[in-house]
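As a plain string of letters, each chain reads:
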Amino acid sequence: AGRRANESQRAVKLERRYYLGLREVTNAEFRQFRPSHRSGFVLQQTLDLDRQPVVGVTWQDAAAYCNWLSAQDGREPAYVEQGGRLVPVVPLNTGYRLPTEAEWEWAARSSGGALRKYPWGDALPVPPGAGNFADRRAQPLVAQVLADVDDGFAATAPVGSFAANPLGFFDMGGNVAEWALDLYTVQPAASTVAVDPVAAGAGAVRVIRGSSWQHSGVTELRLAFRDYGDGRRNDLGFRIARYAQ
C-alpha cells in the first residue's frame, strides 16, 4: 500500500564501507561554511535556529558544503566543477559527499536483517514519539495532517529530538527530507545484483529521500518513498557521508 511507480525492487550489495552522519546538517554547521545563509520562516514558525536542520539549500549548495568540509579535513573533494556545476568524482573517493540512494535506504531501513517499512516499524498508526511529521500542530502550515498525532513541533525540530533508529541514525523519517547523491532515474526491476550502485552523472534533477515535517500520507511516510527535485524547499536538507577507504 502506498507504493509508487518509481519504486522498483532490485538486489543491491554494498561492498565499500561508508560513514554516514548520525544527524542532518544543522543551520549552525552550514553557516560555518556560508555565514549569510538563512533557512527562513514558515508563517510564524522559524526554521533558522542553530540546532534546526538547514533547509532552503539546493543539491549544489549541499555538494559545495561537502567539498568545503573535505578541505577542512585535508581530503580530496568528492565533487568537481563541470560546465559551471559540481558533479561527483568518478569513481567516488573518500571525500565528504551526500549518501548514495542505496546507502541512505540501507541505513534507514535495516533492522536485524529485515527491512522496516516505516521509520518506527512495519505498521500504522504513527506511534507517539516516532518522529516529526505533519501533526496537528502543522495544521496551519500544510493541507493534510495526522490529526491524532502531536509530536511537539509545527515545523522543523532540533536534530536528534526523537529516538534513533536501530542503527543509531536520527530523523531518517520526518523532520526534513534529504538530498541523495544520485541523479533521479527510474530503474526497471532487476534480479541481478547491483554493487555499490550510484547514478553519478551531471544532470540537474536529483534524488530526494525520506519524509519531512510536511508529510502525513502512507506513501510519503514509507522509507521506500522516492522523490526528486532541482531546487530549494523549506522541508529539504541533507546529511553527509563518505567512504571509509
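The rules behind each value
- Residues numbered from 1 in each chain as written.
- Predicted model: local features only at pLDDT ≥ 70, side-chain atom pairs only at ≥ 80, totals over all residues.
- Heavy atoms only, no water.
- Helix = DSSP H or I, 4+ residues; strand = E, 2+ residues; numbered from the N terminus.
- Rg over C-alpha atoms; globule rule 2.2 N^0.38 Å.
- Buried < 20%, exposed > 50% of the residue type's maximum accessible area, 1.4 Å probe, protein only.
- Contact = heavy atoms within 4.5 Å.
- Areas by Shrake-Rupley, 256 points an atom, 1.4 Å probe, with all protein chains shown as cover.
- Lys, Arg positive; Asp, Glu negative; His and termini not counted.
- Charge placed at Lys NZ, Arg CZ, Asp CG, Glu CD.
- Pairing = 2+ DSSP bridges.
- Salt bridge = Lys/Arg side-chain N within 4 Å of Asp/Glu carboxyl O.
- Core = buried A, V, L, I, M, F, W, Y, C linked by side-chain atoms within 4.5 Å.
- Axes fitted to C-alpha atoms, helices over the stretch in contact; angles between N-to-C directions.
- Polar contact = N/O pair within 3.5 Å; in protein donor to acceptor, adjacent residues only side chain to side chain.

Trainee: How should I be thinking about the overall build of the chain in this particular structure?
Mentor: Helix and strand content of the chain: four helices and 14 strands. Here the C-alpha atoms of the chain give a radius of gyration of 17 Å, agreeing with the 18 Å that 2.2 N^0.38 yields for 245 residues. Per-residue burial over the chain gives 53% buried out of 245 residues. Look at the contacts in the chain between residues 6 or more apart in sequence, and 68% of them connect residues 24 or more apart. Of the roughly 11200 Å² of accessible surface on the chain, a fraction of 50% belongs to carbon and sulfur atoms. Considering the chain, the positive charge centre built from 27 side chains and the negative charge centre built from 26 side chains are found 3 Å apart.

Trainee: Got a minute to help me understand the pairing of strand S11 (residues 206-209) in this structure?
Mentor: Side-chain direction in a regular strand flips from residue to residue, so the side chains alternate between the two faces of the sheet. As defined by bridge partners, strand S9 (residues 177-183) adjoins S11 across three bridges and the pair is classed as antiparallel. From the neighbouring strand, Glu178 faces S11, where its bridge partner is Arg209. Direction of pairing for S11 relative to strand S12 (residues 226-229): antiparallel, over a ladder of four bridges. If you follow Val207 over to S12, its bridge partner there is Tyr228.

Trainee: How should I be thinking about the pattern of salt bridges in this particular structure?
Mentor: Note on pairing: side chains with opposite charge can pair once their charged atoms come close. Scanning the entire structure with this criterion turns up 17 salt bridges. As a salt-bridge pair, Asp50 and Arg31 come within 3.2 Å of each other at their nearest N and O atoms. Of this pair, Asp50 sits in the loop between strand S4 (45-46) and helix H2 (59-72) while Arg31 sits in helix H1 (residues 27-33), placing them 19 residues apart in sequence. Judged by its relative accessible area of 15%, Arg31 falls in the buried class. Two residues, Glu103 and Arg97, come together in a salt bridge whose shortest N-O distance is 2.9 Å. Each member of the pair, Glu103 together with Arg97, is buried. Members of the salt-bridge network, linked through shared partners, are Glu101, Glu105, Arg109, Arg209 and Arg226.

Trainee: Can you walk me through the nonpolar core in this structure?
Mentor: Here is a general trend for soluble globular proteins: nonpolar side chains tend to be buried in one another's company. One finds Tyr79, Leu98, Trp179, Phe238 and Ile240 to be the most contacted residues of the largest nonpolar core, which totals 25 residues. For this core, the secondary structure elements donating two or more residues are H2 and S9. The element contributing the most residues to this core is H2, with seven residues.

Trainee: Any chance you could explain the sheet that holds strand S13 (residues 236-237) here in plain terms?
Mentor: Hydrogen bonds between backbone atoms are what pair the strands of a sheet, whose relative direction is either parallel or antiparallel. Spatially, S12-S11-S9-S13 is the arrangement adopted by the four strands of the open sheet, whose pairing is mixed. Strand pairing shows two members of the sheet lacking a second neighbour, S12 and S13, which therefore form its edges. Judged from the two bridges that link them, S9 and S13 form a sheet pairing that is parallel. Bridging across to S13, Ala177 finds its partner in Leu236. Each of S9, S11 and S12 is contacted by helix H3 (residues 101-109), which is oriented at about 5° to S11, the strand it contacts most.

Trainee: Before we go on, may I ask you to explain the side chain of Arg116 in this structure?
Mentor: Here Arg116 lies in the loop between strand S8 (114-115) and S9. No salt bridge is formed by the buried Arg116. Its closest oppositely charged neighbour is Asp122, at 6.1 Å. At a separation of 2.5 Å, a polar atom in the side chain of Arg116 contacts the main-chain carbonyl oxygen of Pro119. Excluding its chain neighbours within four sequence positions, the residues that come into contact with Arg116 are Ala108, Arg109, Ser111, Gly121, Asp122, Pro166 and Leu223.

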